[in-house]
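Observations on the model geometry
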Amino acid sequence: MISTRRYRLIRNSVFVWMTVVITAGFLMSIPKIDILEHTARNLYFHVPMWFTMMAAAIVSVFHSIRHLRKRDIESDLRAAEAARVALLFGFMGITTGVVWAKVTWYQGTSVWWNFDPRQTSVAIELMVYSAYFVLRSSFEDSELRGRISAAYNVFAFTTMPFLLYVLPRQLDSLHPGAEGNPAFSEITDPRMRLVFYPAIIGFMGLFWILYTQRVRYRLLKNSVENRYLNDNS
Amino acid sequence: MTTAEFASAITIVQDAQDARPSQDAEPGQEAPSGNSDGIVTPYDSVWANSNVPTQQPSGLEAALLKEDKLYTVLAVVLIIWFGILFFIARTDRKLDALENQERQA
Amino acid sequence: MRLLRSAFAVLQKDLRLELRSRVGINSLILFVFTSLFIAFFGISQQPVGPRVEAALLWIVVLFAAAIGMGRTFVAEEEQQTSLLLKLNASPLAIYLGKLTFNFILLAVVNLLATGVFIVLLNKTVADPVTLLGVVLAGSLALAGSTTLLSALIVHAGGVGLLPVLMFPLLLPLMGALVNATRISLSIPPMGVPTGVLGENLTTIVAFAGVTITASVLLFDQVWQD
């Protein structure tokens, strides 16, 4: 576990960093784009949700692989908590996306949802991690739970390239960067990238804080439970 | 709060309530923010007919109104953000205390 | 060589057990037949496009796989033969044997399902060889992705969990299967450029390859006590 002092330092830096990012996200002038208007600023907040979810998924599968090698409780807990925060960010990404799309792509229609490849793959990720937690909850034995759920996490992760590379070829997309649409770099003003990239880093830092908190809580819970078991036996 | 201040505060509230269009009023006499104009009608910043004195926005208020009132959204988001930060920091402190307790046990 | 021989022994044992009672294959065939019948009876008066038809076929097959494959390792546990299996064959051999058995089972069921589908909907098959290839590749991909998952659920409280674990993972495969089936069924004049068919077939085969490779690497960890 990271030392408290270093944790505090990183945490406070993330606090300041994100406050600056949020403020800049509102204050920096942006190019006037039809349909998007001020909602273009959602780029700083909606898109990093997806990046952060992917980062959390990578952290989760990393600890699952570690658990399969070392069979320690901590890496299993870390995998589970990273997956939990990934669920949180994925859910926030998908809901903010629905709200944003409603007033831009689907403005004036009754459409809320569309099987866009990115929407679909985030929805699939949410289902996979929900299934992961259902699987976890079906075990009494912690050794078995760690081993089997880690195997599922790794197995599910190996199918991710299909979500990232195959799904976009099967479905049409309105997202930038999809086939026929201008790439992200072509439509994004350099001014906006000045806030966008720091926002990604900031949200990943926020993920790290939440994840570290949850891991500390789970380790504490574990140690309290073990102590009670030892005291009572 | 003195009694006099309290009384005047009540008067303002009552004035404000009086200013709302009463339910039995005839359709023609309703305030201009009727249904016919839809959401295009700008919201009044002050209740009609109330005795609250109006003034030119200045200072913080003027800042909040700039850019289609975008800065108001910034203020709201920042308040929420600081609330979350406070919450995270508090949880950290509680975890610290528990970890210390557990180490000693 | 020893690996292949013991994998073959596992396959042989499963095939013999299956042929003795035929309960697994018969219930699966009946399942796909009745559910295809119900599905196309439900929409019989309403002409639907080839895409919807292909999607219905593969949804039925997907559910059949979710039911049929879940028993792979649960049955061993129930008959208390899993310990015997562990002693007599390496995990890899067991996996390969089970995978082959599941593939054969699914291929038989899927071929029958496709036949029923063609008869029920009075389809003319434009390209039978491609359709056969799609069904076989689809069976392999389904078997590849479900065999490991069916080993995961042995101690996790039963067969009901398998659909929850497998359906999200199979979405990209589903799209490719539906597209490839639709193309191989459509009559050439209104056909789609061959590149699209090749792309979908590649996706199916790649999905099988990726899931089988991952399963081989992970099965060791799952199959031990």
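Residues numbered from 1 in each chain as written. Chains lettered and ligands numbered in written order. Predicted model: local features only at pLDDT ≥ 70, side-chain atom pairs only at ≥ 80, totals over all residues. Heavy atoms only, no water.

**Considering the overall build of chain A**
- Check the secondary structure of chain A and you find 8 helices and 0 strands.
- Listed N to C, the secondary structure of chain A is α-α-α-α-α-α-α-α in terms of helices and strands.
- Counting the 233 residues in chain A, one finds 49% classified as buried.
- Within chain A, contacts between residues at least 6 apart in sequence are counted, and of these 75% link residues at least 24 apart.
- Accessible surface for chain A amounts to roughly 11500 Å². Of this, 63% is attributable to carbon and sulfur atoms. (Helix = DSSP H or I, 4+ residues; strand = E, 2+ residues; numbered from the N terminus. Buried < 20%, exposed > 50% of the residue type's maximum accessible area, 1.4 Å probe, protein only. Contact = heavy atoms within 4.5 Å. Areas by Shrake-Rupley, 256 points an atom, 1.4 Å probe, with all protein chains shown as cover.)

**Comments concerning the nonpolar core**
- Counting 139 residues, the largest nonpolar core has Y152 of chain A together with W58, L142, L149 and I204 of chain C as its most contacted members.
- In this view, L142 of chain C contacts W58, V61, L62, A65, L106, N110, L170 and L173 of chain C; residues no more than four positions away in its chain are not counted. (Core = buried A, V, L, I, M, F, W, Y, C linked by side-chain atoms within 4.5 Å.)

**Overview of the packing of aromatic side chains**
- One pass over the structure, following the stated rule, counts 18 aromatic pairs over all chains.
- An angle of 50° between the planes, with centres 5.2 Å apart, marks the rings of F73 of chain C and W223 of chain C as tilted. Separated by 150 residues along the polypeptide, F73 of chain C in helix 4 (residues 71–78) and W223 of chain C in the segment after helix 10 (194–222) bring together distant segments of the chain.
- Judged by its relative accessible area of 0%, F73 of chain C is buried.
- With a centroid separation of 5.3 Å and an interplanar angle of 45°, the aromatic rings of Y95 of chain C and F219 of chain C are classed as tilted. Of this pair, Y95 of chain C sits in helix 6 (residues 91–120) while F219 of chain C is found in helix 10, placing the two residues 124 residues apart along the sequence. Residues Y95 of chain C and F219 of chain C agree in their burial class; the two are buried.
- What links up through ring pairs into an aromatic cluster is the set F73, Y95, F219 and W223 of chain C.
- Against the face of Y7 of chain A rests R216 of chain A, its NZ or CZ located 5.4 Å from the ring centre.
- Residue placement shows K86 of chain C over the ring face of W223 of chain C; its charged tip is 4.7 Å from the ring centre. (Phe/Tyr/Trp six-rings, centres within 6.5 Å; stacked < 30°, edge-to-face > 60°. Lys NZ or Arg CZ within 6 Å of the ring centre and 35° of its normal.)

**Here we look at the interface of chain B and chain A**
- With 22 residues of chain B at the interface, the matching set in chain A holds 23 residues.
- The largest share of the area that chain B buries against chain A comes from W81, I88 and E102 of chain B, three residues that together contribute 28% of it.
- Seen at the junction of chain B and chain A, the total is 6 salt bridges.
- Among the ionic pairs, R216 of chain A bridges to D92 of chain B, the shortest N-O distance being 3.3 Å.
- Among the residues forming the side of chain B that touches chain A, the class breakdown is 14 nonpolar, 1 polar and 7 charged. (Buried area = accessible area lost by both parts, 1.4 Å probe. Salt bridge = Lys/Arg side-chain N within 4 Å of Asp/Glu carboxyl O. Nonpolar A, V, L, I, M, F, W, Y, C, P; charged D, E, K, R; others polar.)

**Let's talk about the environment of L83 of chain C**
- On the secondary structure map, L83 of chain C appears in helix 5 (residues 82–88).
- Once the C-alpha coordinates of L83 of chain C and Q224 of chain C are considered, the two residues, 141 residues apart in sequence, prove to be 9.5 Å apart.

**Description of helix 3 (residues 50–69) of chain C**
Residue and element names in this part refer to chain C.
- Taking 1.5 Å of rise per residue, 20 residues should cover 28 Å, and helix 3 covers 28 Å from first to last C-alpha, within 8% of that figure.
- Buried residues of helix 3: E53, A54, L57, W58, V60, V61, L62, A64, A65, A66, G68 and M69, and no others.
- Taken together, the buried residues of helix 3 touch helix 2 (23–42), helix 4, helix 6, helix 7 (128–152), helix 8 (162–166) and helix 9 (171–185). (Expected span 1.5 Å × (residues − 1).)

**Describing unusual backbone geometry**
Residues and elements named next belong to chain C.
- A positive phi is found at Q80, a non-glycine position, where the angle reads about 55°.
- Assignment of secondary structure puts Q80 in the loop between helix 4 and helix 5.
- Even without glycine at this site, N122 takes up a positive phi of about 50°.
- Among the structural elements, N122 can be located in the loop between helix 6 and helix 7.
- Residue class for N122 comes out exposed when judged on its relative accessible area of 67%.

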